[in-house]
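Observations on the three-dimensional arrangement
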Amino acid sequence: MTTWITICDTCKRDDWSAETHERTHGEDMAELVERHAAGRAVRTRRVSCLMGCAHGCNIAIQAPGKLAYTLGRFEPTEAAAEAVVAYAEMHAESETGRVPFREWPQEVKGHFITRHPPLPDADTDTDAGEG
């Protein structure tokens, strides 16, 4: 199963302005993550808006059948991009998507916004939450 790093390329941190920035922070972060992910065991894609504007730069880590995570509050730096890719590789190697905290790269600690359980199989019969 492929682990995907989805990068919001429209994210703007609080210090963004048209006078001081030619591109969005999300574009800068996407370029860095893509470069660090090249040739590694994860894939990247860009989207326009993950709706986490208060947390820019936003990134989602996802794979079918695994826990999914949204991370944010990054500055677009080499260290942040490398840490995101390293964490995504650990996610890819994990059966469930759960990576022990002690193994997380330091640069992703404090950047987790949400965790989503994997979607149930379409064939799973459950009434949970229906009513």
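Owing to the predicted nature of the structure, the values given are computational and were not obtained by experimental measurement.

Focus on the packing of helix 1 (residues 25–37) against helix 2 (residues 78–93)
The relative placement of two packed helices is expressed as an angle between their axes plus a distance between the axes. It is at 8 Å that the axes of helix 1 and helix 2 come closest, and there the two elements cross at 55 degrees. Classified by the interaxial angle, the pair formed by helix 1 and helix 2 is oblique. Taken as a pair, helix 1 and helix 2 cross one another with a handedness that is right-handed. Across the interface between the two elements, Met29, Leu32, Val33, Arg35, His36 and Ala37 from helix 1 touch Glu78, Ala80, Ala81, Glu82, Val84 and Val85 from helix 2. Looking at the contact of helix 1 with helix 2 residue by residue, the classes come out as eight nonpolar, one polar and three charged.

Section: the side chain of Asn58
In this structure, Asn58 sits in the loop between strand 2 (43–47) and strand 3 (59–62). Here Asn58 falls in the buried class, since its relative accessible area comes to 2%. Reaching out from Asn58, the side chain makes a polar contact with the backbone oxygen of Gly52 at a distance of 2.8 Å. With residues up to four places along the chain from it excluded, the contact list for Asn58 reads Thr6, Ile7, Cys8, Cys11, Leu50, Gly52, Cys53, Leu71 and Gly72.

What about the packing of aromatic side chains?
Using the criterion set out here, one finds six aromatic pairs in the structure. Between Tyr87 and Trp104, the ring centres sit 6.0 Å apart and the planes meet at 90 degrees, which makes this aromatic pair edge-to-face. Here Tyr87 is found in helix 2, whereas its partner Trp104 is found in the loop between helix 2 and strand 5 (112–116), with 17 residues between them in sequence. Overall, the relative accessible area of 18% leaves Trp104 in the buried class. Seen from their ring centres, Phe101 and Trp104 are 4.8 Å apart, and the 65 degrees between their planes marks the pair as edge-to-face. Between the NZ or CZ atom of Lys12 and the centre of the ring of Trp16, over which it lies, the distance is 4.2 Å. Sitting over the face of the ring of Phe101, Lys109 holds its NZ or CZ atom 4.4 Å from the ring centroid.

Describing unusual backbone geometry
Between Gly56 and Cys57 the backbone carries a cis peptide bond, its omega angle lying at 5 degrees. As for its placement among the helices and strands, Cys57 is situated in the loop between strand 2 and strand 3. Positive phi, normally seen in glycine, also occurs at Cys49, with a value near 90 degrees. Accessibility expressed as a relative area gives 37% for Cys49, which makes it partly exposed. The phi angle at Met51 is positive, at roughly 60 degrees, despite the residue not being glycine. Mapped onto the elements, Met51 comes out in the loop between strand 2 and strand 3. On the basis of relative accessible area, Met51 is assigned to the exposed category, the value being 76%.

Scoring rules and cut-offs
- Residues numbered from 1 in each chain as written.
- Predicted model: local features only at pLDDT ≥ 70, side-chain atom pairs only at ≥ 80, totals over all residues.
- Heavy atoms only, no water.
- Axes fitted to C-alpha atoms, helices over the stretch in contact; angles between N-to-C directions.
- Helix = DSSP H or I, 4+ residues; strand = E, 2+ residues; numbered from the N terminus.
- Parallel < 35°, antiparallel > 145°, perpendicular 65-115°, else oblique.
- Left-handed = near helix turned anticlockwise from the far one by under 90°.
- Contact = heavy atoms within 4.5 Å.
- Nonpolar A, V, L, I, M, F, W, Y, C, P; charged D, E, K, R; others polar.
- Buried < 20%, exposed > 50% of the residue type's maximum accessible area, 1.4 Å probe, protein only.
- Polar contact = N/O pair within 3.5 Å; in protein donor to acceptor, adjacent residues only side chain to side chain.
- Phe/Tyr/Trp six-rings, centres within 6.5 Å; stacked < 30°, edge-to-face > 60°.
- Lys NZ or Arg CZ within 6 Å of the ring centre and 35° of its normal.

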